[in-house]
Structure formats: structure tokens, C-alpha cells
Amino acid sequence: MATYVITGRNKTGKSVRQKVDAASPSEARNLIKEQGIHIQDIQENKGIGFNMADIQTSMTSVTVKDKAVFSRQFAALVSAGVALVRGIGILADQCPNPKLKAALMGINADVQQGTNLSDSMRKHPKCFDNLYVSMVQAGEVGGVLDEVLNRLAKLLEDLNRLQNQIKSAMAYPVTVGFLAVTIFIGMTVFLLPIFAEIFEDLGAPLPLFTRALMAISKLLRTWYLTLGLIGIITVLVFVYKQYYKTPVGRVTMDGFFLKMPLFGDLAQKSATARFCRTFGSLSRSGVPILTALEIVQDTSGNQVIANAIGAAQKEIQSGGMISPALEEHGVFPVMAIQMIAIGEETGELDQMLMKVADFYEDEVEQAVKALTSIMEPIMIVVLGGMVGSILVAMYLPMFSVMDHLG
């Protein structure tokens, strides 16, 4: 049981503030409504001190998967004729994500007071972004909220699958790279000094390669030098982040990411799939094309691609077409541009965008498999090279020792 503070007006129009104990906000609302009070606001009375629920909520993020599951369930309830207030209340009660749960409770309270669903969602940008709110608003205006929610669920599921494919491509090299660096540092710090003492007692001259690794070992075992190295790395990371925040820096680095060997092609294809899927879903849901382009530009995740979309938006405003503006920047594949141009000419842009998204999502899946197959032998060679360098550094002096003893 929790205590809720209710603010509202009674039958005579007088403002009232009342506390009520209930298991959930929906139960508290029902108890207050029985007293004939029109609820204006409901807040949980959390008292004084730290509240673990608040801490957990602040540390939790709402993922694409969370929103996809919510959208699919909400669409099913709306299609079944369940009232918005009751549907949101049901989903809020069973929501496992504390941040999304708190947002749904606030949205439910706003909808009960007569606020539109989209306006209520707009108050919670950390849970529902402009893309989500705009599609819900288009569904409300067109009276097809259930269809829009199903499209949202499909869009978010596709985006989640795309993200997982990219993460799977990065997981192997990152894991193997971390293991390689850990093993190298461990052998350099703990194993190499033991052999160094042996060779020093024998009085044999050490090869240049062995002396270089000995110097690295000494650096890693000297705490103030290690702290200095960590400090330099921290400063470089800070400088990079500050540079990336500038308009020039972001365009430069995002452009470099799109041209990187191996990963650049994957980044371009995933960006194309995301742009077409999001833009097509917004257009199909009835969102105005200029608003849709603005939303897609904000959610592109790459400044070079965002600039191309912004140019397309200006082209539309001046009476032009999208495809020439996208082609001018050269960030999207030629085939995608041609298919978008055909969609504009035939008046079936949304359908063509969905086909392009399907095609490039398959391309991303194939690119992930190809990248993984290429990265596996490369990372094995890197790992073997780092470990082998330590072994070579330990065994090379043995030849000098033999010559010295001879």
C-alpha cells in the first residue's frame, strides 16, 4: 500500500487536497471518484529521505524494445475497444520498466482530465520522442490510433532488430580486443620482469625488442607514470568529445565514420534502412512530409546524414523533390536514391520507402555476417601477435646468453 495526495474539486467547485491509501494510482482514483471529487492531480506521498524507487527510476532508461512491447500491447487493447484510460492503467500496472511505468501513470492522470494522448506523451520526452508523439497525434486526428500504434510497434521492432545486428557485429572484436589487451598487460607486468631478472644475473646484453618491452613493463609498474598515461588518455577523450560537440567536429567525425574501412559500409546501409523505415512510417501514418523530414533529421544519429535530410526538407519547401537533394550529398546509396525518385514520380513514396528499408535491412544482416567472418581471423592474428611478442621478447635473449657463455 502507498499513500497518494489527490488535488481536485468537489461537487461545489471548491478545491480540495486529500490523502488516500491505495495499492496503485488507479485504485486511488477510483476511491476518490466515489466521493464525487474531480481529480486534477495525483502524486505519491514519498515522505522525507531517500526513495529507492526514485533512484531506480532515474537510473533506468526506456529502450526501443520497451516502447515496442508497450505499443504492441496498447494497440491490441485499443483495437479491442478498451478505453484509453483503462488501457493505459492496465499497462502501467504491469509495466516492468520503472521509468516508463511512472510516465504511463502521469499520462493516465492527464488523459483522465481531458488532455489528448499525444499532448500527455509530449510531457515525457525521455520515454516518448517526437517521432512517437507525432505518429500518435496523427492517429488521434485520423481516428486510426490502433493502426498507428501497430505501425509504431513494427517500426520500433525493426529498429531494435537493426540495433541488435550492429551490436552483434561489434561484440566479437570488442571482446577479443579487451582480452588481448588484458593478457598483454598481465604478461608484461607480471611475467616479463621475472625473465628480466634472470637475464640480468647472467649479464647477457638484451636485444632491442626485449629492451623496448622491458621499458613498457617498467612504465606499467610505476604508478605515477601509469597515472600520467591514464591522465593523457582521459584528456584526449575529453578533447575529442568537446571537438565532436562543435558543428565542424561532428560533421568531420560522422563523415569519417561513414568512410571507415569495413564499418563504413555497414553504417551507411543501417542509416539508409533507418531513414527509409522511419520516414515511410511517418508518411503512411499521415504526418505532413515536412514535419516527417524534421523528425527524421533529429533522429538520424549522424550529422552528415542529418544535413542531407535538411537539404531535402528545404528542397520540398521550395517546390522541389527529395531525391535530387539526397543525391547531391552522396551519403545514401545510388539504388536507394533511384527507388525514392520512382516513389515520388508514381505518388507511392511511402510504399517505396518501406521496400527500400526492407532491402537494406537484409543488406545490413548480410554485411554483419560478412564483417564477423572477416573480423574473426583478424582478431585471432591480433591476439596471437600480442601474446607472441611477449614470448619472442622472453626467448630472444637466450641466444645472446648462449653466445655470452660460449
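As shown above, the structure is provided for reference.
These notes cover the structure that comes with them. Predicted, not measured: the structure shown is a model, and the values here were computed from it.

1. Considering the overall build of the chain
Step number 1: The number of helices and strands found in the chain is 17 helices and 3 strands.
Step number 2: A compact globule built from 406 residues should have a C-alpha radius of gyration of about 22 Å, whereas the chain, at 30 Å, is more than 25% larger.
Step number 3: Taken along the three principal axes of its C-alpha coordinates, the chain extends 110 × 65 × 35 Å.
Step number 4: Counting across all 406 residues of the chain, residues that qualify as buried make up 40%.
Step number 5: For the chain, contacts bridging at least 24 residues in sequence account for 61% of all contacts bridging at least 6.
Step number 6: Separation of charge centres in the chain, based on 35 positive and 37 negative side chains, amounts to 8 Å.

2. Observations concerning the environment of Tyr 172
Step number 1: Among the structural elements, Tyr 172 can be located in helix 8 (residues 145–202).
Step number 2: Tyr 172 sits 204 residues away from Glu 376 along the chain, and the two C-alpha atoms are 7.6 Å apart.
Step number 3: Setting aside anything within four residues of it in sequence, one finds Tyr 172 in contact with Met 375, Glu 376, Met 379 and Ile 380.

3. Quick notes on the nonpolar core
Step number 1: By size, the foremost hydrophobic cluster in this structure holds 76 residues, and its most contacted members are Leu 104 and Phe 128.
Step number 2: Among the elements that take part in this core, helix 17 (residues 349–405) stands out by supplying 12 residues, more than any other.
Step number 3: In contact with Phe 128, other than residues within four places in its own chain, are Phe 70, Leu 100, Leu 104, Ile 107, Met 121 and Val 133.
Step number 4: One finds Tyr 4, Ile 6, Ala 28 and Ile 37 within the second-largest nonpolar core, a separate group that totals 10 residues.

4. Focus: a nonpolar patch on the surface
Step number 1: A contiguous nonpolar patch, built from Leu 219, Trp 223, Tyr 224, Leu 225, Leu 227, Leu 229, Ile 230, Ile 233 and Val 237 and spanning about 890 Å² of accessible area, is present on the exposed surface.
Step number 2: With 8 residues, helix 10 (residues 223–245) is the largest single contributor of residues to the nonpolar patch.
Step number 3: On the secondary structure map, Leu 225 appears in helix 10.

5. Comments concerning the pattern of salt bridges
Step number 1: Counted according to the given criterion, the structure contains 16 salt bridges.
Step number 2: With a shortest N-O distance of 2.9 Å, Arg 72 and Glu 157 are connected by a salt bridge. Here the residue Arg 72 occupies a position in helix 3 (residues 64–79), and Glu 157 occupies one in helix 8, the gap between them amounting to 85 residues.
Step number 3: The partner of Lys 269 in a salt bridge is Asp 265, with the nearest N and O atoms 3.2 Å apart.

6. A look at the side chain of Ser 281
Step number 1: By the secondary structure assignment, Ser 281 is in helix 12 (residues 263–284).
Step number 2: Here Arg 277 takes part through its backbone oxygen, which lies 2.8 Å from a polar atom of the side chain of Ser 281.
Step number 3: When residues no more than four places from it in sequence are discounted, the contact partners of Ser 281 are Met 135, Leu 155 and Met 354.

7. Some thoughts on the packing of helix 10 against helix 11 (residues 247–259)
Step number 1: The contact between helix 10 and helix 11 brings their axes to 5 Å, and the two run at 105°. Between helix 10 and helix 11, the crossing angle belongs to the class labelled roughly perpendicular. Contacts from Tyr 240, Tyr 243, Tyr 244 and Lys 245 in helix 10 reach Pro 247, Val 248, Gly 249, Arg 250, Thr 252, Met 253, Asp 254 and Phe 257 in helix 11.
Step number 2: In terms of residue class, the contact of helix 10 with helix 11 is built from 7 nonpolar, 2 polar and 3 charged.

8. Some remarks on the packing of aromatic side chains
Step number 1: Scanning the model with the defined rule gives 9 aromatic pairs in all.
Step number 2: Taken together, a centroid distance of 6.1 Å and an interplanar angle of 25° make the contact between Tyr 240 and Tyr 244 stacked. Highlighted residues: Tyr 240 and Tyr 244, both in helix 10, separated by 4 residues, approximately one helical turn.
Step number 3: The class for Tyr 240 is partly exposed, based on a relative accessible area of 35%.
Step number 4: The exposure class assigned to Tyr 244 is partly exposed, which follows from its relative accessible area of 21%.

9. A short note on the side chain of Asn 302
Step number 1: Note on placement: Asn 302 falls in the loop between helix 13 (289–298) and helix 14 (303–317).
Step number 2: Those residues in contact with Asn 302 that sit more than four places away from it in its chain are Asp 254 and Leu 258.

10. Brief notes about the state of the cysteines
Step number 1: Inspection of the entire model under this criterion finds 0 disulfides.
Step number 2: Free of any disulfide, Cys 95 has its nearest cysteine sulfur in Cys 127, 8.7 Å distant.

11. Regarding the environment of Leu 162
Step number 1: Here Leu 162 lies in helix 8.
Step number 2: For Leu 162, a relative accessible area of 6% gives the class buried.
Step number 3: A sequence separation of 202 residues divides Leu 162 from Val 364, and the C-alpha atoms of the two residues are 7.7 Å apart.
Step number 4: Apart from the residues lying within four places of it in its own chain, the contact partners of Leu 162 are Ser 270, Ala 273, Arg 274, Glu 361 and Val 364.

12. Overview of the packing of helix 12 against helix 13
Step number 1: Helix 13 packs onto helix 12 with a crossing angle of 145° between their chain directions and a minimal axis gap of 9 Å. Taken as a pair, helix 12 and helix 13 cross one another with a handedness that is right-handed. Where helix 12 approaches helix 13, its residues Phe 275, Thr 278, Phe 279 and Leu 282 are matched on the opposing element by Ile 289, Ala 292, Leu 293, Ile 295 and Val 296.
Step number 2: Each residue belonging to the contact of helix 12 with helix 13 can be placed in one class, and the counts come to 8 nonpolar, 1 polar and no charged.

Reading guide: rules and limits
Residues numbered from 1 in each chain as written. Predicted model: local features only at pLDDT ≥ 70, side-chain atom pairs only at ≥ 80, totals over all residues. Heavy atoms only, no water. Helix = DSSP H or I, 4+ residues; strand = E, 2+ residues; numbered from the N terminus. Rg over C-alpha atoms; globule rule 2.2 N^0.38 Å. Buried < 20%, exposed > 50% of the residue type's maximum accessible area, 1.4 Å probe, protein only. Contact = heavy atoms within 4.5 Å. Lys, Arg positive; Asp, Glu negative; His and termini not counted. Charge placed at Lys NZ, Arg CZ, Asp CG, Glu CD. Core = buried A, V, L, I, M, F, W, Y, C linked by side-chain atoms within 4.5 Å. Patch = residues over 30% accessible without salt bridge, like charges linked within 9 Å, V, L, I, M, F, W, Y side chains within 5 Å. Areas by Shrake-Rupley, 256 points an atom, 1.4 Å probe, with all protein chains shown as cover. Salt bridge = Lys/Arg side-chain N within 4 Å of Asp/Glu carboxyl O. Polar contact = N/O pair within 3.5 Å; in protein donor to acceptor, adjacent residues only side chain to side chain. Axes fitted to C-alpha atoms, helices over the stretch in contact; angles between N-to-C directions. Parallel < 35°, antiparallel > 145°, perpendicular 65-115°, else oblique. Nonpolar A, V, L, I, M, F, W, Y, C, P; charged D, E, K, R; others polar. Phe/Tyr/Trp six-rings, centres within 6.5 Å; stacked < 30°, edge-to-face > 60°. Disulfide = S-S within 2.5 Å. Left-handed = near helix turned anticlockwise from the far one by under 90°.

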